[in-house]
Amino acid sequence: MQSKKKKEQLGLTALYCRLSRDDGAEGDSNSVANQKRLLQKYAKENSLGNTRFYVDDGYTGTNFNRPSFQKMIEDVEMGYVTAVIVKDMSRLGRDYLGVGYYTDTFFPEHNIRFIAVNDYVDSDDGENELAPFRNVMNEMYARDISRKVRSAHRIRGNSGEPLGQPPYGYRKDPLNKKHWIIDPAAAQVVRDIFRMCLEGKGNDTIARILQENGILNCTAYWHEKGIGRGGKKTQPNPYRWKNSTIRKILTQQEYCGDVINFKTYSKSFKDKTRIDNPEENWVIFKDVHEPIVDRDTFEQVQKKIIKRTKRRAPKSENGEKSIFSDLLYCADCGHKLWYHVNTINKNICFFSCSNYVKDYRGSCPTRHYVRADAIEQVVKLELQRMAQFLRDDEPMFADLLERKSNWEIAEEKKHLEGELQKARMRTETVSRLYKKAFEKNAEGLLSDEGFLQITHEYDVEQLALKAKIPQLREQIAEAERQAANKDKFIAAIRKFMQMDELTAPLLRELIDHIEVYETQGVGKSRTQRITIHYRFVGYIDIPAAPLTSHYISETRQGVAVEYIPA
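Analysis parameters
Residues numbered from 1 in each chain as written. Predicted model: local features only at pLDDT ≥ 70, side-chain atom pairs only at ≥ 80, totals over all residues. Heavy atoms only, no water. Pairing = 2+ DSSP bridges. Helix = DSSP H or I, 4+ residues; strand = E, 2+ residues; numbered from the N terminus. Core = buried A, V, L, I, M, F, W, Y, C linked by side-chain atoms within 4.5 Å. Buried < 20%, exposed > 50% of the residue type's maximum accessible area, 1.4 Å probe, protein only. Contact = heavy atoms within 4.5 Å. Axes fitted to C-alpha atoms, helices over the stretch in contact; angles between N-to-C directions. Nonpolar A, V, L, I, M, F, W, Y, C, P; charged D, E, K, R; others polar. Disulfide = S-S within 2.5 Å. Salt bridge = Lys/Arg side-chain N within 4 Å of Asp/Glu carboxyl O. Arc of directions from axis to C-beta. Phe/Tyr/Trp six-rings, centres within 6.5 Å; stacked < 30°, edge-to-face > 60°.

*Asks:* Is there a simple way to explain the sheet that holds strand β14 (residues 349-353) in this structure?
*Replies:* Here we have 3 strands laid out as an open sheet, ordered β13-β14-β15, and antiparallel in their pairing. If you trace the sheet from one side to the other, it starts and ends with β13 (337-341) and β15 (370-371), each paired once. With 2 bridges joining them, β14 and β15 adopt antiparallel strand pairing. Across the sheet, the residue bridging to F350 is R371, located in β15.

Okay, here's the thing in structure tokens:
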């Protein structure tokens, strides 16, 4: 068994630094650079090697949702870290209960030596009686700072200083950060959006036009300009605008030149969730910055929006939601098929791909149109074939299900167990390679730069394996549970045999999902494949069933579609 000193040489010494915006008010003593110097010096003087910095700059200590802290915790759980050093207890956090959990429970359970340099806390020296009191004082400090910040925030807000970030179309004045100036390129897009709205175009139409014209959406535009704002840095389509974005732009009074403060608030200094404030609590300052749209235009748009958003009672002629809603999927792109009622002939109900490029600005090249009555007939015919097979030869039907389910389950389980074994072996291999890298670095055979590069690659692979192994175990357990599902499926078929009509509960008891392919052919030679995937057993190919005719529907004069279950 390795000695403790040897173990610490082989493991990482995590040097954790944290600085929030509020801590910055204390001067240079808490700066990240100062924390790094102090921690590195302490580690060197106390022979704690293999140091790695984990730095959260600009993150509050009232919670632990900090990227570098979470990364450090992951490394602890993976067994890479043997010691954690912080400048003082407040750097770990200012939440009394949270800090107590890590220092009293989590770190001891993972055999981690915890050191707070300036507070003279070292877990190797046993319990420190003053540590809990320091944690309480740190939380009281955070509470007091929060109260002061809120007070200053309210004073600034009531004086007309904008508290939030400038909306799309504005940017901060380089000479005065408290003043907004117009961003010409984005401002023109905002004017175009208001103009199109006054022309009678809906939000979806406006979004489509902007996309077709190659206009970057707000997030992509800010990212291209190097403006630090929220949202994903990479997007599948940076030119795709959402309806909600168009609506938000059309309702922002700031475009008239106004500043509106206190639109949102948070309940506690520990909970950063923003809650919408009632409009009567807003504080509005008019004509503070240059307007992008005039006030008359803005008010006209608001009247249009109010008319457009009045709730209408559902049209009785459109009928109820289809029993097949949420069951149909596009066989090509995998998206759901949405239910529609023909606007001219209310008797025609149909489904189409929700990702169709022409209808929904999606990526699926074909519509996958299928009549609702056709789907109902196809499913009914297939269930009747299955029921007839069950009546004629129940033992053979049960044997078919058992052979299919047993074979598929065995194949799936064999594949999953093979993947699990590979993942376990690779985890052990990576752990050995990690230890070798530690030893080479400690012996001077591997530079610090090379060590960090290699171990980073191992970190990424270990995290992926850590997530994959539980998923594989759950999939294997699910495959084992599937073995008892044959009887459930036969019971559901018997229930169908006793009913005259299909119902939504019965469909969901029998069917997992239905894949719809695009129609092939022309005129009366058109065909459309439909694949039914049943619950418990998946797709079933029934041999030599008595009812073998396919459903054929004349969709319009001269056009007929034969629906082929496959």
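*Asks:* Where do I start with the nonpolar core in this structure?
*Replies:* Burial of nonpolar side chains together is a common tendency in soluble globular proteins. Counting 41 residues, the largest nonpolar core has F324, L328, V379, F489, L510 and Y534 as the members making the most contacts within it. Per element, the largest residue contribution to this core is 9 residues, and it comes from helix α13 (residues 372-392). If near-sequence neighbours (up to four positions away) are discounted, Y534 is found in contact with E382, L383, M386, F489, L510, I511, D512, Y539 and I540. Counting residues in hydrophobic clusters, the runner-up holds 31 residues, among them I182, A220, Y221 and L250.

*Asks:* Looking at this model, I keep getting lost on the packing of helix α3 (residues 67-77) against helix α5 (residues 96-109). Mind explaining?
*Replies:* The angle between the axes and the distance between the axes are what describe a pair of packed helices. The N-to-C vectors of α3 and α5 enclose an angle of 35°; their axes lie 11 Å apart at closest approach. In this structure, α3 uses F69, I73, V76 and E77 to contact α5, whose residues at the interface are Y102, F106 and F107. Tallied by class, the residues present in the contact of α3 with α5 amount to 6 nonpolar, no polar and 1 charged.

*Asks:* What should I look at first to understand the state of the cysteines in this one?
*Replies:* Joining two cysteines, a disulfide is a covalent bond between their sulfur atoms. Counted under the stated rule, the structure contains 0 disulfides. The thiol of C353 is unpaired, and the distance to the nearest cysteine sulfur, on C333, comes to 3.6 Å. Since its relative accessible area comes to 0%, C353 is described here as buried.

*Asks:* Help me understand the sheet that holds strand β3 (residues 81-86) in this model?
*Replies:* Adjacent strands of a sheet pair through backbone hydrogen bonds, lying either parallel or antiparallel. An order of β2-β1-β3-β4-β5 is seen for the 5 strands of this open sheet, with the pairing classed as mixed. The strands lining the two open edges of the sheet, one partner per strand, are β2 (51-57) and β5 (121-122). Taken together, the 7 bridges between strand β1 (residues 12-19) and β2 define a ladder with parallel strand orientation. Its bridge partner being in β2, R18 is matched across the sheet by D56. Across the face of the sheet, helix α2 (residues 32-45) comes into contact with β1, β2, β3, β4 (113-116) and β5 while running at roughly 155° to β1.

*Asks:* When you look at the pattern of salt bridges in this model, what are you seeing that I'm missing?
*Replies:* Once their charged atoms are close, side chains differing in charge can pair, the charge on each being opposite to the other. One pass over the full model with this rule turns up 18 salt bridges. For D88, the salt bridge is made with R91, and the minimal N-O distance between the two is 3.7 Å. Note on D88: relative accessible area 11%, which makes it buried. Judged by its relative accessible area of 0%, R91 falls in the buried class. Connected through shared salt-bridge partners, D192, R195, E199 and K201 make up one network.

*Asks:* What is the right way to read helix α10 (residues 243-250) from this model?
*Replies:* Count 3.6 residues to each turn of an α-helix, and residues three or four apart come out pointing the same way. Along α10, the residues that are buried comprise I246, I249 and L250. The buried residues of α10 occupy an angular sector of 95° when the element is viewed end-on, so they sit on one face. Exposed side of α10, more than 90 degrees from the buried face: S244 and K248 are the residues found there.

*Asks:* Looking at this structure, I do not really get the packing of aromatic side chains. What am I missing?
*Replies:* The geometry of an aromatic ring pair is captured by two quantities: the separation of the ring centres and the angle between the planes. Tallied over the entire structure, the rule returns 19 aromatic pairs. Ring centres of Y170 and Y255 lie 6.1 Å apart, and the angle between their planes is 15°; on these two criteria the pair is classed as stacked. In this pair, Y170 sits in strand β6 (residues 170-173) while Y255 sits in the loop between α10 and β8 (259-261), placing the two residues 85 residues apart along the sequence. Of the two residues examined, Y170 and Y255, each falls in the buried class.

*Asks:* Explain α3 to me, please; I cannot follow it from the model alone.
*Replies:* Turning to α3, its buried residues number three or more, namely S68, F69, M72, I73, D75 and V76. Looking down the long axis of α3, one finds its buried residues gathered within 160° of arc, a one-sided arrangement. Downstream of α3 by one or two residues, G79 has phi in the positive range, about 90°.

*Asks:* It is not clear to me how the pairing of β6 should be interpreted in this structure. Could you clarify?
*Replies:* Successive residues of a regular strand alternate their side chains across the two faces of the sheet. Inspection of the sheet shows β6 paired to strand β7 (residues 176-182) by 4 bridges, in the antiparallel sense. Bridging from a neighbouring strand, R171 pairs with I181 of β7.

*Asks:* Before we go on, may I ask you to explain the side chain of S325 in this structure?
*Replies:* Position of S325 among the secondary structure elements: in the loop between α11 (295-308) and β12 (328-330). By relative accessible area, which is 6% here, S325 ends up buried.

*Asks:* Explanation requested: the environment of V301 in the structure shown.
*Replies:* If you trace the backbone, V301 turns up in helix α11. When the C-alpha atoms of V301 and F194 are compared, they prove to be 7.2 Å apart, with 107 residues separating the residues in sequence. Those residues in contact with V301 that lie beyond four places of it in its chain are F194, C197, L198 and L250.

*Asks:* Just to check I follow, could you spell out the pairing of β4 for this structure?
*Replies:* What you see with β4 is no split at all: R113 and I115 on one side and F114 and A116 on the other are buried throughout. Both β4 and β5 contribute to a ladder of 2 bridges, which runs antiparallel. Bridge pairing links I115 to D122 in β5.

Coordinates in, geometry out; function isn't part of it.
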